[in-house]
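Chain by chain, the residues:
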Amino acid sequence: SSGINAEYGEELYTLPLNSALMTNHPPKQKSPDPVRRVPVPKNDTIKCGQCNFELGKTDNTIKCNKCKYSYHSKCMSLSRSMMKIALRYSWDCPSCKTCSVCDAPDGEESLMFCDICDRGYHTFCVNMSALPRGRWECRLCVMCACCGTTNPGDGNWRFQHNEHMKFLQTMCHPCTVYFDKGWFCPVCLKVFDYDAVDDPMVCCDFCDRWVHTGCDNIDDEHYTMLGESGSLYKCILCRGEKEEVYDKHHKKYKEGNKENQLVESL
């Protein structure tokens, strides 16, 4: 059981090991529009091979390993995190990109890009029958955000979105079980086991969720004080000092579910 409200399109999908992560969106081609290359200027000015605007010294840019054209990261749809990874290897622009498995340039209609590193892969080279829906992570990048394992546990990777379909994190199957039960810190979204809590946690008296002391900057003295009888704790989320990203297990929803169950039983 996914434990996710299908009403918001947050149903969990499962895929073969080292294949992909999918969101509930129509299929789409992962590659950007074909690169519109422009002539390299004769002077010292370097322009983006896609938009033809000058590449400033402070701009985030990346150079194709094959065609040697440089591009704005935005023109290549590369986020900051993707840029950090792409700059570590011989990155190829969309027009030069080949499959990282077979290194073949053909089969463009089946070529998809990893949403973490931007490497290209044919669907049939990673045992997939069709292009994924939405987000996809390759075998070199996918790992559990909670425990750090690169093994999904049951042969399938799981992912989590909030009610606005914003991607939150990738999880292995064991961590997904804890997450679906609500056994996770609402600040960092890392799961925990009630029988073996590694980091100190405090339960908020307003939302009834357990928060890591480190996620709320609670020192040892404050932690000891909160353990005393009569002490109330209001977490950093309930105080409005940090944005809420996933509140499905908030006390207000638990109480709402109890009221609905009571009404249905009458």
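Scroll up to find the structure this text is about.
Residues numbered from 1 in each chain as written. Predicted model: local features only at pLDDT ≥ 70, side-chain atom pairs only at ≥ 80, totals over all residues. Heavy atoms only, no water.

Caption draft 1: Up close: the side chain of His 250. Inspection of the secondary structure assignment puts His 250 in the loop between α3 (220-226) and α4 (251-265). Apart from the residues within four sequence positions on either side, His 250 is in contact with Phe 206, Cys 207, Arg 209 and Cys 238. (Helix = DSSP H or I, 4+ residues; strand = E, 2+ residues; numbered from the N terminus. Contact = heavy atoms within 4.5 Å.)

Caption draft 2: Structural detail: a positive patch on the surface. The grouping of Lys 74, Arg 80, Lys 84 and Arg 88 at the surface amounts to a positive patch. Structurally, the position occupied by Arg 80 is in helix α1 (residues 80-86). Judged by relative accessible area, Arg 80 falls into the exposed class, the value being 72%. (Patch = residues over 30% accessible without salt bridge, like charges linked within 9 Å, V, L, I, M, F, W, Y side chains within 5 Å. Areas by Shrake-Rupley, 256 points an atom, 1.4 Å probe, with all protein chains shown as cover. Salt bridge = Lys/Arg side-chain N within 4 Å of Asp/Glu carboxyl O. Lys, Arg positive; Asp, Glu negative; His and termini not counted. Charge placed at Lys NZ, Arg CZ, Asp CG, Glu CD. Buried < 20%, exposed > 50% of the residue type's maximum accessible area, 1.4 Å probe, protein only.)

Caption draft 3: Examining helix α2 (residues 173-181) more closely. Considered for burial, the residues of α2 that qualify are Cys 175, Thr 176, Phe 179 and Asp 180. Buried residues in α2, looked at end-on, bunch into an arc of 135°, giving them a common side. Elements that come into contact with the buried residues of α2 comprise β5 (158-161) and β6 (167-171). Two residues or fewer past α2, Gly 182 is found with a positive phi of approximately 90°. (Arc of directions from axis to C-beta.)

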